[in-house]
Amino acid sequence: MPDTATAAAPARRRILHAGSLGMIVGGLLALVGSLLPWVITPFGSLNGAAGPGLWTLSVGFLAIAGALLPYRKVAIAHSLIPGLTVALIVGWQAARLISLSASTDSWGQLMPGIGMVMAAGGAVVLIRTGMRLLAMR
């Protein structure tokens, strides 16, 4: 009598892929960083969710969603697009801080907050993960 238990079991498709861990970590860094203070002033701090943090929050969710999809090309897009978007927004905000500090001659009064630093770290992790997925074959 043939063994039908092993022949009838369908092959299960893996949900996680090689870049899932990096995408989850990078997405969570961008998510949490979006909600924390982005600018520290002598009068208090400015929350990231009041401005550009909303964009980084959105693409952070996009990165986490891509980590749970088992398709390589989708994972690459869900890693590089959010990573580059967050990097662009953080760079724009850092340039704005430098511009405001230079125009008011108040160096050291406007400092990047922990949220901006965490979002930048998330962008680095996402871009690195996307580049690693591109290099894999």
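Basis of the calculations
For every chain, the first residue of the written sequence is number 1, and numbering continues from 1 onward in sequence order. Restriction of local features to residues with pLDDT of at least 70 applies here, the model being predicted, together with a cutoff of 80 or more for giving and counting side-chain atom pairs; totals for whole chains, interfaces and linings are based on all residues. Values shown for side chains rest on all heavy atoms present in the structure; no hydrogens or waters enter the calculation. Numbering of helices and strands starts at the N terminus; helices are DSSP runs of H or I of at least 4 residues and strands are runs of E of at least 2. When checking whether two residues touch, look at their non-hydrogen atoms; a contact exists if any pair is within 4.5 Å. Within a predicted model, pLDDT stands for the predictor's per-residue confidence, ranging from 0 to 100. Here, any two strands with at least 2 DSSP bridges between them count as paired. In this analysis, axes come from line fits to C-alpha atoms, helices being fitted only over the stretch in contact, and the angle between any two N-to-C directions falls in the range 0 to 180 degrees. Each residue is assigned to one of three classes by its accessible area relative to the maximum for its type, calculated with a 1.4 Å probe on protein chains only: buried under 20%, partly exposed between the two thresholds, exposed over 50%. A clockwise turn of the near helix away from the far one marks a right-handed crossing, whereas an anticlockwise turn of less than a right angle marks a left-handed crossing. Note on residue categories: nonpolar means Ala, Val, Leu, Ile, Met, Phe, Trp, Tyr, Cys or Pro, charged means Asp, Glu, Lys or Arg, and polar means any other residue, Gly included.

Focus on the environment of I76
Here's step 1: By the element assignment, I76 lies in helix α4 (residues 72-104).
Here's step 2: Expressed as a C-alpha distance, the spacing of I76 and L126, which sit 50 residues apart in the sequence, is 9.5 Å.
Here's step 3: Setting aside its immediate chain neighbours within four residues, I76 contacts L133 and L134.

Points about the confidence of the model for the chain
Here's step 1: Residues of the chain with pLDDT of at least 70 account for 93%, and the chain-wide mean is 88.
Here's step 2: At the low end of the mean pLDDT range in the chain sits helix α1 (residues 4-8), at 59; at the high end sits helix α5 (residues 114-135), at 94.

Concerning the sheet that holds strand β2 (residues 44-47)
Here's step 1: Spatially, β2-β1-β3 is the arrangement adopted by the 3 strands of the open sheet, whose pairing is antiparallel. Two strands close off the open sheet at either side, each with one partner strand: β2 and β3 (111-112).
Here's step 2: Judged from the 2 bridges that link them, strand β1 (residues 37-41) and β3 form a sheet pairing that is antiparallel. Of the residues in β3, the one forming a bridge with V39 is P112.
Here's step 3: Helix-sheet contacts for α4 involve β1 and β3, and the interaxial angle to β1 is about 10 degrees.
Here's step 4: Where α5 meets the sheet, its contacts fall on β1 and β3, and the angle it forms with β1 comes to roughly 140 degrees.

Examining the side chain of Q93
Here's step 1: Along the chain, Q93 falls in helix α4.
Here's step 2: Looking at Q93, the relative accessible area reads 11%, which means it is buried.
Here's step 3: Discounting chain neighbours no more than four positions away, the residues touching Q93 are W38, P52 and M116.

Here we look at the packing of α4 against α5
Here's step 1: It is the contact of α4 with α5, at a shortest axis distance of 8 Å, that shows an interaxial angle of 145 degrees. When the axes of α4 and α5 are compared, the crossing they make is left-handed.
Here's step 2: Residue classes in the contact of α4 with α5 are distributed as 19 nonpolar, 5 polar and 1 charged.

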